[in-house]
Amino acid sequence: MKALSSAVAKVLKRLHYPLEIMLVCVRWYVAYPLSLRNLEEMMAERGIAVDHSTVHRWAIKLLPVLEKAFRRCKRPVGKSWRVDETYVKVKGQWKYLYRAVDKAGNTVDFLLRARRDKEAARRYFEKAIDQNGAPDTVTIDKSGANLAGLHAVNAERETPIKIRQVKYLNNIVEVRHEVAYRSCSHFSRHRRSEPPVSPGESRILNQERV
């Protein structure tokens, strides 16, 4: 890194390994399905002694500040979004991963939530709009929760966002979900097993299957 933000520099002062080693370990950890012990062994093969718990500490300290620093350099996304959510297992617990891509397939934003309901969808749209600006059009599938969340967002806007419910147009974001499964070690690879749902969520899912 030629230029580091003050937040990143502050964190690095407390870490005593070469920057290149820390960044490689953290990048491999989040980009590929590798365990912390895998990374410990891989570093040992390269003549670098680092404990797996140390790599975990690097990830905890570096990832939040790196995410903020990189977000400022993120390229603008398009004004036509495709939004979808899926379920993933994070540290043994089922979570819902909300994601959006623009028409060109560029990632807009993502958010993990414990529930799949109107409030979760609304929180995702508010976060994505706050970070990327408001889209002209949002395409969703037949999800009643996502539709309700968008209506709640539009109720507070002078210019409402156009909503389309066209399932085949969302294929591009569903493909991106598959990439996330293969590349992130925190997510369960057993997508076919359904997560437990609350009675309220069960009613929503049953209505959408009809």
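Every chain is numbered independently, its residues counted from 1 as its sequence is written. The predicted nature of this model means local features are confined to residues of pLDDT at least 70 and side-chain atom pairs, given and counted, to a pLDDT of 80 or more, with totals for whole chains, interfaces and linings taken over all residues. Water and hydrogen atoms were dropped before computing side-chain values, which therefore reflect all heavy atoms in the structure.

Participant: Sorry if this is basic, but what is going on with the confidence of the model for the protein here?
Facilitator: Atom-level detail of predicted coordinates should not be read off regions where pLDDT is low. On a scale of 0 to 100, pLDDT captures the predictor's confidence in every residue. Of all residues in the protein, 72% attain a pLDDT of 70 or more, and the chain-wide mean is 77. Taken element by element, the protein is modelled with least confidence in helix H8 (residues 199-209), mean pLDDT 41, and with most confidence in helix H3 (residues 36-45), mean pLDDT 94. Every residue pair with non-hydrogen atoms within 4.5 Å of one another is taken to be in contact. Note that pLDDT drops below 50 for residues 175-210; the model gives that stretch 64 contacts with residues more than four away or on any other chain. In DSSP terms, a helix is any run of H or I states spanning at least four residues, a strand is any run of E spanning at least two, and both are numbered starting from the N terminus.

Participant: Even after reading the chapter, I still don't get the pairing of strand S4 (residues 137-140), so can you show me in this structure?
Facilitator: Successive side chains on a regular strand alternate, one facing one side of the sheet and the next facing the other. Summary of the burial criterion: residues with accessible area below 20% of their type's maximum are buried, those above 50% are exposed, and those between are partly exposed, where the area comes from a 1.4 Å probe applied to protein chains only. Every second residue of S4 is oriented toward a common face, with Thr137 and Thr139 on one face and Val138 and Ile140 on the other, all of them buried. Two elements, strand S1 (residues 80-90) and S4, share three bridges in a ladder whose sense is parallel. Within the sheet, the bridge partner assigned to Trp81 lies in S4 and is Val138. Here, any two strands with at least 2 DSSP bridges between them count as paired. Relative to strand S5 (residues 162-165), S4 runs parallel, the two being bridged by four bridges. Within S5, the residue paired with Ile140 across the bridge is Gln165. A crossover counts as right-handed when, viewed with the strands pointing away from the observer, the path leading from the first strand over the helix to the second turns clockwise. Handedness of the β-α-β unit built from S4, helix H6 (residues 144-154) and S5 comes out right-handed.

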